[in-house]
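Summary of structural features
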Amino acid sequence: MTERTSWRAVAAATGAGDRARTEAGVRLAYRRAGLPEPERIVWVRSPLEAVRLLSGTPTEGGETVTGTGASVRDAVRNRPVAAARGRLHTRLGPTGWSEHWRSTGADLWETTRPLVDRVRTGVVEALAPDDRREETRVRLLLLDAVLGQHDAAWLAAFDDPDATGTGAAPDASAGATDADSSPGLDGLAEVARTAGWWWPYENVAVVAERPTELHRDEAGRLDRGDGPALAYSDGFALHAWRGLPVPGEFLDSLATLTPAHIREEENAELRRVMLEHYGYDRYLEESGAKPVGRDETGVLWRVELPGDEDVVMVEVVNSTPEPDGTSRTYWLQVPPTMRTAREGVAWTFGLSAEEYEPLRQT
């Protein structure tokens, strides 16, 4: 497994990690920052439980934290990362750094950043749904967090002995010493490989377990139609359909959809989810839609939806028969500006109706 693939697996890892390795990594990160090791390391089941604990609510096991001291995130995470980036930038130059970032962490960060934002939003919605002052306090606590496994994109970019001067993370449980090169990212990397978000303070470090479930589509977006797309062991969960946040109870209703339910949904985004789940072609067939145009390329169908753009589909028949002799029908969704089936089919090829001249229909 390449380092790039390895860090991608870190970002997507679920389930409990090795707590001994994590705690060794936390202590190493403090030492790398020139700080005394934390007096206590407290485990929680999710970022939500971490913020609740830091707000004074005991964990399910009765764990509490007081006298945490100030946040040391800047010393433990920000400065070492900035130093590693600075060394790379000096060695590679601006263009070289950009190329290096694109080839290592950029695409991973593109899929991880929305996940980080969704977790933060989910915690805020759970703890401060209608209180702006409380929302500010919760957001500030969230900014104290080191992202653990979700820092994988940055760690992938710096996982280069020649670039950072530190190399890939050793086994922190083996006992790295202060004589090792500094500032280093090995402690941060060890925690990232074995745990989720964590909160470093002068006297206490609070560490969250990784999620128990993570479901994404081929584009890396949170996506699941029959349960939470992201879930933690304490019940904190996020639901999504192809990246769109949706209520959990909304997903439960998809199993009993009807065309009438779809038409009655007032939220346009949720209605699109319903249509995707139900199937545009099935919806057209069962909603009493009528064709608005027919030509040699196919049939154009249009359905008006209150408060939203029309659903427009082109029905086309494959001219090459299947092995059993039947001809398969396909439905192509096209923009609502399409006025003829030919125009719609041409659009799928990036052409105008006048430019579309197929030699042979397939």
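Computed from a prediction, not measured in an experiment: that's the story for all the values here.

A word on the packing of helix 2 (residues 19-32) against helix 9 (residues 186-194). It is the contact of helix 2 with helix 9, at a shortest axis distance of 7 Å, that shows an interaxial angle of 155 degrees. When the interaxial angle is binned, helix 2 and helix 9 end up roughly antiparallel. Where helix 2 crosses over helix 9, the two elements pack in a sense that is left-handed. Contacts between helix 2 and helix 9 involve Arg21, Thr22, Gly25, Val26, Leu28, Ala29 and Arg32 from the former and Asp186, Gly187, Leu188, Glu190, Val191 and Thr194 from the latter. Partitioned by chemical class, the residues of the contact of helix 2 with helix 9 number five nonpolar, four polar and four charged.

Across the protein chain, pLDDT averages 86, with 89% of residues at or above 70. Below a pLDDT of 50 lies the segment residues 161-182, which in the model reaches 38 contacts outside its immediate sequence neighbourhood of four places, other chains included.

Turning next to the packing of helix 5 (residues 106-127) against helix 6 (residues 132-143). Remark: helix 5 packs on helix 6, axes separated minimally by 10 Å, with the N-to-C direction vectors making an angle of 145 degrees. For the pair helix 5 and helix 6, the sense of crossing is right-handed. From helix 5, Arg120, Val123, Val124 and Leu127 reach across to helix 6, where they touch Glu134, Glu135, Val138, Arg139, Leu142 and Leu143. Tallied by class, residues from the contact of helix 5 with helix 6 come to six nonpolar, no polar and four charged.

Before going further, it helps to examine the pattern of salt bridges. Applying the stated rule across the entire model yields 24 salt bridges. When the shortest N-O distance is used, the salt bridge between Asp226 and Arg224 registers 2.8 Å. For Asp226, a relative accessible area of 61% gives the class exposed. In this structure, Glu276 and Arg242 form a salt bridge, with 3.2 Å as the shortest nitrogen-oxygen distance. Of this pair, Glu276 sits in helix 12 (residues 268-278) while Arg242 sits in the loop between strand 7 (240-241) and strand 8 (244-245), and the two are 34 residues apart along the sequence.

Rules used throughout
- Residues numbered from 1 in each chain as written.
- Predicted model: local features only at pLDDT ≥ 70, side-chain atom pairs only at ≥ 80, totals over all residues.
- Heavy atoms only, no water.
- Axes fitted to C-alpha atoms, helices over the stretch in contact; angles between N-to-C directions.
- Helix = DSSP H or I, 4+ residues; strand = E, 2+ residues; numbered from the N terminus.
- Parallel < 35°, antiparallel > 145°, perpendicular 65-115°, else oblique.
- Left-handed = near helix turned anticlockwise from the far one by under 90°.
- Contact = heavy atoms within 4.5 Å.
- Nonpolar A, V, L, I, M, F, W, Y, C, P; charged D, E, K, R; others polar.
- pLDDT = per-residue confidence, 0-100.
- Salt bridge = Lys/Arg side-chain N within 4 Å of Asp/Glu carboxyl O.
- Buried < 20%, exposed > 50% of the residue type's maximum accessible area, 1.4 Å probe, protein only.

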